[in-house]
Amino acid sequence: MIRTLLTYIFAAVGAVLIMPPLILWTILSGDVQLMYDVFISAVRIALKVAGIRVRAEGVENIPPGTCVFASNHCSNLDPVAIVPKIPKRIALLAKTDVFKLPILGKA
């Protein structure tokens, strides 16, 4: 229960204090790399705080170039949890409802 609460607090602080300046920076500079790096770091920290261990097998078999990764969706956290384990920059596919969320949608 404590880990869940700490994870929610971490996510809320990030969404309210960190994401808006990052979104503004990305819009003004046109460079998404900083937001991507902060997102990857934040996901790693949030997973650690929540006590979630992610194991990735076969990472060495990922070919160069464009790939499609699919999680089995054991939970809603699966798509986000696998992102830091993939050794290349990726983009997430989401349903249109996600883009209607105030801060997350813009990010």
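Described below are features of the structure shown in this document.

1. Focus on the packing of helix 1 (residues 2–29) against helix 2 (residues 33–50)
Two elements in contact, helix 1 and helix 2, have axes separated by 10 Å at closest approach and are oriented at 175°. If you check the angle between helix 1 and helix 2, you find them roughly antiparallel. Note on element contacts: helix 2 touches helix 1 through Leu34, Met35, Val38, Ala42, Ile45, Ala46, Val49 and Ala50, opposite Arg3, Leu6, Thr7, Phe10, Ile18, Met19, Leu22, Ile23, Trp25 and Thr26. Per-class residue counts for the contact of helix 1 with helix 2 are 15 nonpolar, two polar and one charged.

2. Focus: helix 1
Taking 1.5 Å as the rise per residue, helix 1 with 28 residues should run 40 Å; its terminal C-alpha atoms sit 38 Å apart, in good agreement. The axis of helix 1 is deflected most strongly, by about 40°, at Ile18, and proline Pro20 appears within four residues downstream. Among the residues of helix 1, those classed as buried are Thr7, Gly14, Met19, Leu22, Ile23 and Thr26. At the exit of helix 1 stands Gly30, carrying a positive phi of roughly 75°.

What counts as what
- Residues numbered from 1 in each chain as written.
- Predicted model: local features only at pLDDT ≥ 70, side-chain atom pairs only at ≥ 80, totals over all residues.
- Heavy atoms only, no water.
- Axes fitted to C-alpha atoms, helices over the stretch in contact; angles between N-to-C directions.
- Helix = DSSP H or I, 4+ residues; strand = E, 2+ residues; numbered from the N terminus.
- Parallel < 35°, antiparallel > 145°, perpendicular 65-115°, else oblique.
- Contact = heavy atoms within 4.5 Å.
- Nonpolar A, V, L, I, M, F, W, Y, C, P; charged D, E, K, R; others polar.
- Expected span 1.5 Å × (residues − 1).
- Bend = angle between axes of the 7 residues up to and from the residue.
- Buried < 20%, exposed > 50% of the residue type's maximum accessible area, 1.4 Å probe, protein only.

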